[in-house]
Amino acid sequence: MKKTVCLLLFAAGTLFAGEAVRTEAGQAVDVYETGRYDFDRDGTMEQIVITSGGGSGGAIWYIARLNGEKLSGEIQGNLTLLKSRPGFCDLCVKRKIGADEQIFELYRFIGGRYKCIRRKAENNHGK
């Protein structure tokens, strides 16, 4: 687990260079266990709604307010919160594709919803 988090934070730091993302402030979030989290740090929880187990790529989920208003489209993968900006946290999402490829995505809260602003694929070549 520790190796995975370090890899995720390193990848986020290299993928999102120039975005002023402070990866040392990253926090891994287990979407299966967490359920609710205060994504905008305003004292009111938002919820992580799982729509599918997703297979080897991870769970498929979205973020919503407790009243049901969706704050993101469906997202697949493991979640790390990047607390680099005031307001809503940026999200780093990692998912596996096949045996040796991973996708890293950076989501930012823009215009009332989380939107993917960066995507990078990495091929591990059996590493």
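These figures come from a predicted structure and were not determined experimentally. (Residues numbered from 1 in each chain as written. Predicted model: local features only at pLDDT ≥ 70, side-chain atom pairs only at ≥ 80, totals over all residues. Heavy atoms only, no water.)

Participant: Explanation requested: the pattern of salt bridges in the structure shown.
Facilitator: When charged atoms on two side chains of opposite charge get close, those side chains can pair. This model, assessed by the stated rule, comprises five salt bridges. The network of salt bridges with common partners includes Glu46, Arg65 and Glu69. (Salt bridge = Lys/Arg side-chain N within 4 Å of Asp/Glu carboxyl O.)

Participant: Help me out: how do you make sense of the pairing of strand β4 (residues 60-65) in this one?
Facilitator: In terms of strand pairing, strand β3 (residues 46-52) meets β4 through six bridges, oriented antiparallel. Note on β4: the bridge partner recorded for glutamate 46 is arginine 65. For β4 and strand β5 (residues 75-76), the ladder comprises two bridges, and the chain directions are antiparallel. Opposite tryptophan 61, over in β5, you have isoleucine 75 as the bridge partner. (Pairing = 2+ DSSP bridges. Helix = DSSP H or I, 4+ residues; strand = E, 2+ residues; numbered from the N terminus.)

Participant: For this particular structure, what's the right way to read the sheet that holds β5?
Facilitator: As a general point, the strands of a sheet are linked pairwise by backbone hydrogen bonds and lie either parallel or antiparallel. Strand order in this open sheet of four strands is β2-β3-β4-β5, and the pairing throughout is antiparallel. Only two strands of the sheet have a single neighbouring strand rather than two, namely β2 (36-37) and β5.

Participant: Would you mind going over the packing of aromatic side chains with me for this structure?
Facilitator: The description of an aromatic ring pair uses the distance of the two centres, along with the angle that the planes make with each other. A full pass over the atoms with the stated rule returns five aromatic pairs. Arranged with centres 5.3 Å apart and planes meeting at 65 degrees, the rings of tyrosine 37 and phenylalanine 39 form a pair that is edge-to-face. Per residue, the accessibility class of tyrosine 37 equals that of phenylalanine 39, and both read buried. An angle of 75 degrees between the planes, with centres 5.3 Å apart, marks the rings of phenylalanine 109 and tyrosine 114 as edge-to-face. The exposure class of phenylalanine 109 is partly exposed, given its relative accessible area of 23%. Owing to a relative accessible area of 4%, tyrosine 114 belongs among the buried residues under this scheme. Among the aromatic residues, ring-to-ring pairing joins Tyr37, Phe39, Phe88, Phe109 and Tyr114 into one connected group. Sitting over the ring of tyrosine 62, lysine 70 keeps its end group 4.4 Å from the ring centre. (Phe/Tyr/Trp six-rings, centres within 6.5 Å; stacked < 30°, edge-to-face > 60°. Buried < 20%, exposed > 50% of the residue type's maximum accessible area, 1.4 Å probe, protein only. Lys NZ or Arg CZ within 6 Å of the ring centre and 35° of its normal.)

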